[in-house]
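Fold and geometry: a report
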Amino acid sequence: MAELSEAAPESKAPHRPHVGDPDYVPPVVRKNRAYGYVLAFLVFLADQATKWVVIYPLQLEFRGEISLTSFFNLTWVENYGVSMGMLTAQSETMRWALVAMTTAIAIFVAVWLWREKRRDDSFGLALVLGGALGNIVDRIRFGYVVDFLDLHIGTWRPFLVFNVADAAITIGVLLLLVRALLTRKEKPAR
């Protein structure tokens, strides 16, 4: 009787990409990506938490304004537009069109963040993403974005009333622009 030799079953260990594989992502890029998404989530939380405080405990909607210093107030503003009052939603259809448009932009930024390799760009994108998500949630819940931070010098207001999300978006875009301008390579002369 001949012994049947059974071959040891092949182990099906998961394929781990290594340098040179098209699926390889360096550890530093994975870490930057993770930090970026965590920062976006923290910005979103900070934005929603500050809005909760001004809406519920402070009842700013009913008080209108709370003067904190000679240059800073909490002022209730319902922003039906996008940036600086542009694209104001004057109907439910326009409101949901703004939600769709800003959601598409947020998805684009989230994908860009996933693909981004540079840490500084990842942080700028994270600020934009977290801020965009905060304002999208407002527009879905209330039909407008809650703005309340009011910086001024006397009666002169260099900024419109804004919120944490707006500040994060602005800072994120500025970081991306500065980095793009400072690292722009000159094209070779022909």
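The structure we're discussing is the one just above.
First things first, this report covers the structure right here in the doc. (Residues numbered from 1 in each chain as written. Predicted model: local features only at pLDDT ≥ 70, side-chain atom pairs only at ≥ 80, totals over all residues. Heavy atoms only, no water.)

As for the pairing of strand S2 (residues 72-79)
Burial runs high along S2: 6 of the 8 residues are buried. Strand direction decides the pairing type here: strand S1 (residues 65-67) and S2, joined by 3 bridges, are antiparallel. Opposite serine 67, over in S2, you have asparagine 73 as the bridge partner. Linkage of S1 to S2, two consecutive antiparallel strands, is achieved through a turn of 4 residues. Judged from the 6 bridges that link them, S2 and strand S3 (residues 145-151) form a sheet pairing that is antiparallel. Across the sheet, residue valine 77 finds its bridge partner in S3, namely aspartate 147. (Buried < 20%, exposed > 50% of the residue type's maximum accessible area, 1.4 Å probe, protein only. Helix = DSSP H or I, 4+ residues; strand = E, 2+ residues; numbered from the N terminus. Pairing = 2+ DSSP bridges.)

Quick notes on the pattern of salt bridges
Taken as a whole and judged by the stated rule, the model has 6 salt bridges. The partner of aspartate 121 in a salt bridge is arginine 179, with the nearest N and O atoms 2.7 Å apart. Taken together, the positions of aspartate 121 in helix H4 (residues 119-142) and arginine 179 in helix H5 (residues 164-182) put the pair 58 residues apart, joining distant regions of the chain. Across the pair arginine 157 and aspartate 150 runs a salt bridge whose closest N-O atoms are separated by 2.9 Å. What makes aspartate 150 buried here is its relative accessible area of 1%. Among the charged side chains, a network of salt bridges with common partners joins Asp47, Lys51 and Asp138. (Salt bridge = Lys/Arg side-chain N within 4 Å of Asp/Glu carboxyl O.)

Considering the side chain of aspartate 121
The class for aspartate 121 is buried, based on a relative accessible area of 4%. At a separation of 2.7 Å, a polar atom in the side chain of aspartate 121 contacts the side chain of arginine 179. Not counting the four nearest positions on each side in its chain, aspartate 121 is found in contact with Glu116, Leu176 and Arg179. (Polar contact = N/O pair within 3.5 Å; in protein donor to acceptor, adjacent residues only side chain to side chain. Contact = heavy atoms within 4.5 Å.)

Comments concerning the sheet that holds S2
Sheet architecture is open: 3 strands sit in the order S1-S2-S3, paired in antiparallel fashion. The open sheet is flanked by S1 and S3, the only strands paired with a single partner. Between one strand axis and the next, the sheet turns by 20° as a mean value, whatever way the strands run. (Axes fitted to C-alpha atoms, helices over the stretch in contact; angles between N-to-C directions.)

A few points about the packing of aromatic side chains
Under the definition given, this model contains 6 aromatic pairs. With a centroid separation of 6.4 Å and an interplanar angle of 45°, the aromatic rings of tyrosine 37 and tryptophan 114 are classed as tilted. With tyrosine 37 in helix H1 (residues 27-55) and tryptophan 114 in helix H3 (residues 92-115), this pair connects stretches of sequence that are 77 residues apart. Given a relative accessible area of 28%, tyrosine 37 falls into the partly exposed group. According to the relative accessible area criterion, tryptophan 114 is partly exposed, its value standing at 48%. Centroid distance tryptophan 52 to tyrosine 56: 6.1 Å. Interplanar angle 45°. Geometry classified as tilted. A network of ring pairs unites the aromatic residues Tyr80, Phe142 and Tyr144 as a single cluster. Lying across the ring of tryptophan 114, arginine 33 places its NZ or CZ 3.7 Å from the centre. (Phe/Tyr/Trp six-rings, centres within 6.5 Å; stacked < 30°, edge-to-face > 60°. Lys NZ or Arg CZ within 6 Å of the ring centre and 35° of its normal.)

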